[in-house]
Amino acid sequence: MRRSVAQRGAAASTFEHVAREAGVSRGLLHYYFATKEQLLVEAVRRDCELRLERLEQQLSTARTADDFIDLMAQNLQDTLREDPDFVTLVFELFTLSRRNEEIAAEYAALMRRTRDQVAGMLASAQDQGVLRLHAEPEAVAEILFSLGDGFALRMLAEPERDFTATVQAGILCARALLAD
């Protein structure tokens, strides 16, 4: 589903495409997922869980606010370079959520879980003295995701452009929220 949606978009991705590419029967997909949208939600949910686990492991090595910020920036850049399809999936799911109440509820729940998990990482890092938050953890997490989502959209739209200065400006913004 990831590959199909990244290549064709959610509207053009069918169970037939996904089944063929996965080497399984359409019936098997229908057995587990009533709709292709449910399959997409589950694919994005699982991907987010794995990425957050990896991010949490990486951030646990941070000893300073700068380490924490650099690891988050590096994680975003690595994702865009190594797996831009993931970002496309998230944007496709958002687009679907604007027209489908069931998907909207699933997408909102996914955003809440992701925000809450990162807020927990931020609070933990603050408790350990790694950083000092200048706002509530949930608000800081939301701002960091907003920055990351904006960067991702622009970086995918202009892959040939050098975003080094933009990322550095974003790091300055993050530093204002996370460091003394």
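Okay, so let's go over this structure. Each chain has its residues counted from 1, following the order in which its sequence is written. Whole-chain, interface and lining totals are the exception, using all residues; otherwise, since this is a predicted model, local features are given only for residues with pLDDT of at least 70 and side-chain atom pairs are given and counted only at 80 or more. Excluded from the side-chain calculations are hydrogens and water; all other atoms, namely the structure's heavy atoms, are used.

In this section: the layout of surface pockets. One number sums up the size of the largest pocket: a volume of about 970 Å³. The distinction between a cavity and a pocket rests on a 1 Å grid over the protein atoms alone: a 1.4 Å probe fits inside a cavity but cannot get out, while a pocket stays open yet meets protein on both sides within 12 Å along at least five of seven lines, and a residue with an atom within 4 Å of a point counts as lining. Forming the walls of the largest pocket are 35 residues, and the residues nearest its centre are Leu76, Leu144, Phe145, Gly148 and Asp149. Numbering of helices and strands runs from the N terminus; a helix is a DSSP stretch of H or I covering at least four residues, while a strand is a stretch of E covering at least two. Taken together, the elements giving at least two residues each to the lining of the largest pocket come down to α4 (36-59), α5 (65-82), α6 (84-97), α7 (101-127), α8 (137-157) and α9 (164-178). A total of nine residues in the lining of the largest pocket trace back to one element, the largest contributor, which is α8. Taken together, the residues that form the lining of the largest pocket break down as 24 nonpolar, six polar and five charged. The computed volume of the second largest pocket comes to approximately 200 Å³. Around the second largest pocket, the lining residues are Gln77, Leu80, Arg81, Met155, Leu156, Glu158, Pro159, Arg161 and Phe163. Contributions of two or more residues to the lining of the second largest pocket are made by α5 and α8. Ranked by residues supplied to the lining of the second largest pocket, first place goes to α5 with three residues. Grid points are joined across faces, edges and corners, and a volume is the space filled by probe spheres set on the points. Each residue is assigned to one class: nonpolar for Ala, Val, Leu, Ile, Met, Phe, Trp, Tyr, Cys and Pro, charged for Asp, Glu, Lys and Arg, and polar for all the others, Gly among them.

Okay, the pattern of salt bridges next. Salt bridges, as used here, are contacts in which a Lys or Arg side-chain nitrogen is within 4 Å of a carboxyl oxygen on Asp or Glu. Enumeration over the complete set of coordinates arrives at 13 salt bridges. A salt bridge links Glu21 to Arg8; the shortest N-O distance between them is 2.9 Å. Here Glu21 is found in helix α2 (residues 15-22), whereas its partner Arg8 is found in helix α1 (residues 2-8), with 13 residues between them in sequence. Accessibility expressed as a relative area gives 32% for Glu21, which makes it partly exposed. Here the salt bridges share partners, and the residues they tie into one network are Arg3, Arg8 and Glu21. Exposed residues in this analysis have more than 50% of their type's maximum accessible area, buried residues have under 20%, and partly exposed residues fall in between, with area computed by a 1.4 Å probe over protein chains only.

A separate point is the nonpolar core. Within this scheme, the nonpolar core is defined by two criteria: the residues are buried Ala, Val, Leu, Ile, Met, Phe, Trp, Tyr or Cys, and they are joined through side-chain atoms within 4.5 Å. The biggest cluster of nonpolar side chains holds 53 residues, and the ones touching the most others in it are Leu40, Val44, Phe68, Leu93, Leu122, Leu131 and Leu178. Within the residue set of this core, elements represented by two or more residues are α2, α4, α5, α6, α7, α8 and α9. Filtering out sequence-adjacent residues up to four positions away, Leu93 remains in contact with Leu40, Val41, Val44, Ile103, Tyr107 and Leu110. In what follows, residue pairs with any heavy atoms lying within 4.5 Å of each other are defined as contacts.

On to the environment of Ala174, then. Inspection of the secondary structure assignment puts Ala174 in helix α9. Assessed through its relative accessible area of 7%, Ala174 is described here as buried. If we skip the residues at most four places from it in the chain, Ala174 touches Ile69 and Leu144.

Here we come to the side chain of Asp83. Turning to its location among the elements, Asp83 is positioned in the loop between α5 and α6. Under the relative-accessibility criterion, Asp83 is labelled buried at 17%. If near-sequence neighbours (up to four positions away) are discounted, Asp83 is found in contact with Arg2, Arg51 and Asp78.

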